[in-house]
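Notes for the structure review
Each chain, letter by letter, is given below.
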Amino acid sequence: AGAVGDSRGDGLLVVGRGGSGKSTTVLAALAGGMTTVGDDYVALQPGVPPRAWALYGSMRLFADHAARFPHLLPAVEHSAEQDGRLKLASYVGRQRPAQMAANLALGALVAPRPDPGGRTRVEPLSADEALAALAPSTLRQMRPRDATLVAMQALCARLPAHRLHLGADLAVLPGLLRGLIASRPAEAEATT
């Protein structure tokens, strides 16, 4: 998962399998002035509100997506092949240090889905659909799996979830994400 947020430190968890649009979502949010803690790997801390913490600060984007949206990746510092495709990497801490947050308070989950012929928009997503977007790639990498699944299920049941359709008009994406952050439930604003 990745996470994006606003200048107050409130944010959204961006979930999905590889190639679902997480990196495109995070990079489009950064291009629109938002902050991030990462686009591929973040540490989650339960609580009220739950928090996403930065781990690596790397931003990775497939080369064909970088060609379609050249303004998203600020600089290419590394490249590697992944699933037969070239993936480019940059580090937010070096390229956009003011936009790299240590952590973000999470108010919702967002599951992107590429929709090249459609418009960029959000719609409600059930907790089960959010868990299905978050769990598979996470469970392959985590031990113990049972405890991880229980924690993810609780997170998905607690936070509102949204499907983010990624159309060609990525410039509207930061406004949509800011709107989701602003509409987070009052319970998510409580502190422990």
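Going along each chain's sequence as written, the residues are numbered from 1 onward. Owing to the predicted nature of the model, reporting of local features is limited to residues with pLDDT of at least 70; listing and counting of side-chain atom pairs is limited to 80 or more, with chain, interface and lining totals taken over all residues. Side-chain figures throughout are based on the complete set of non-hydrogen atoms in the structure, without hydrogens or water.

1. Remarks on the overall build of the protein chain
From N to C terminus, the protein chain includes 7 helices and 11 strands. Within the protein chain, buried positions represent 48% of all 192 residues. The contact rule is simple, with two residues in contact once any of their heavy atoms fall within 4.5 Å. If you take every contact in the protein chain between residues at least 6 apart in sequence, the share linking residues at least 24 apart comes to 71%. Every accessible area reported is derived by Shrake-Rupley at a probe size of 1.4 Å, with residue values counting cover from the shown protein chains alone. Per element, the accessible surface of the protein chain, about 9100 Å² overall, is 55% carbon and sulfur. Asp and Glu count as negative and Lys and Arg as positive, but His and the ends of the chain are not part of the count. Charge placement uses NZ in Lys and CZ in Arg. For Asp and Glu, CG and CD serve respectively. In the protein chain, 20 side chains carry a positive charge and 16 a negative one; their mean positions are 2 Å apart. Numbering of helices and strands starts at the N terminus; helices are DSSP runs of H or I of at least 4 residues and strands are runs of E of at least 2. Note on classification: 1.4 Å probe, protein chains only; a residue is buried when its accessible area is under 20% of the maximum for its type, exposed when over 50%, partly exposed between these limits.

2. A short note on the environment of H162
By the secondary structure assignment, H162 is in strand β11 (residues 161-166). On the basis of relative accessible area, H162 is assigned to the buried category, the value being 15%. When the C-alpha atoms of H162 and A111 are compared, they prove to be 6.2 Å apart, with 51 residues separating the residues in sequence. Setting aside chain neighbours within four positions, we find H162 in contact with A108, L109, V110, A111, E123, P124, L125 and L180.

3. What to know about the nonpolar core
The term nonpolar core refers to a set of buried residues drawn from Ala, Val, Leu, Ile, Met, Phe, Trp, Tyr and Cys, joined through side-chain atoms within 4.5 Å. Counting 26 residues, the largest nonpolar core has V4, L12, L173 and L177 as its most contacted members. Listed by contribution, the elements that provide at least two residues to this core are β2 (10-14), α1 (22-31), β6 (58-62), β9 (103-114), β11 and α6 (173-182).

4. Comments concerning the sheet that holds β6
Only strands joined by at least two bridges in the DSSP assignment are considered to pair. Read from one edge to the other, the open sheet built from 3 strands follows the order β6-β8-β7, with strand pairing classed as antiparallel. Each edge of the open sheet is held by one strand with a lone partner, namely β6 and β7 (78-82). Ignoring strand direction, the axes of neighbouring strands in this sheet form an average angle of 30°. By the bridge criterion, 5 bridges tie β7 to strand β8 (residues 85-91) in an arrangement that is antiparallel. The residue bridging A80 from the neighbouring strand is K87, located in β8. Its contacts with the sheet place α1 against β6 and β8, and it is angled at close to 120° to β6. To get an axis, a line is fitted to the C-alpha atoms, and for a helix only the part in contact is used. The angle between two axes follows their N-to-C directions and goes from 0 to 180 degrees.

5. Quick word on the confidence of the model for the protein chain
pLDDT is a per-residue confidence score from the predictor, ranging from 0 to 100. When pLDDT is averaged across the protein chain, the result is 87; 90% of the residues are at 70 or more. Model confidence for the protein chain, summarised as mean pLDDT per element, is weakest for helix α7 (residues 186-189) at 49 and strongest for β2 at 97. The model gives residues 187-192 a pLDDT under 50, and that stretch makes 11 contacts with residues more than four places away or in other chains.

6. Quick look at the pattern of salt bridges
Once their charged atoms are close, side chains differing in charge can pair, the charge on each being opposite to the other. We define a salt bridge as a contact between a side-chain nitrogen of Lys or Arg and a carboxyl oxygen of Asp or Glu at a distance within 4 Å. For the structure on display, the rule yields 6 salt bridges. Put simply, D64 and R85 hold a salt bridge, and the shortest N to O gap is 2.8 Å. Remark: R85 occurs in strand β8 and D64 occurs in helix α2 (residues 63-68); sequence separation between them is 21 residues. Its relative accessible area of 31% is what places R85 among the partly exposed residues. The closest approach of N and O atoms between D115 and R121, which form a salt bridge, is 3.0 Å. Three or more residues joined by partner-sharing salt bridges are found here, namely D6, R8 and D10.

7. Describing a nonpolar patch on the surface
Without a salt bridge and with relative accessible area above 30%, a residue can belong to a patch; like charges are then joined within 9 Å and nonpolar side chains (Val, Leu, Ile, Met, Phe, Trp, Tyr) within 5 Å. Residues Y41, L55 and Y56 make up a contiguous nonpolar surface patch of roughly 350 Å² in combined accessible area. Residue placement: Y41 occurs in the loop between β3 (35-38) and β4 (42-45). Taking relative accessible area as the criterion, Y41 reaches 40% and is therefore assigned partly exposed.

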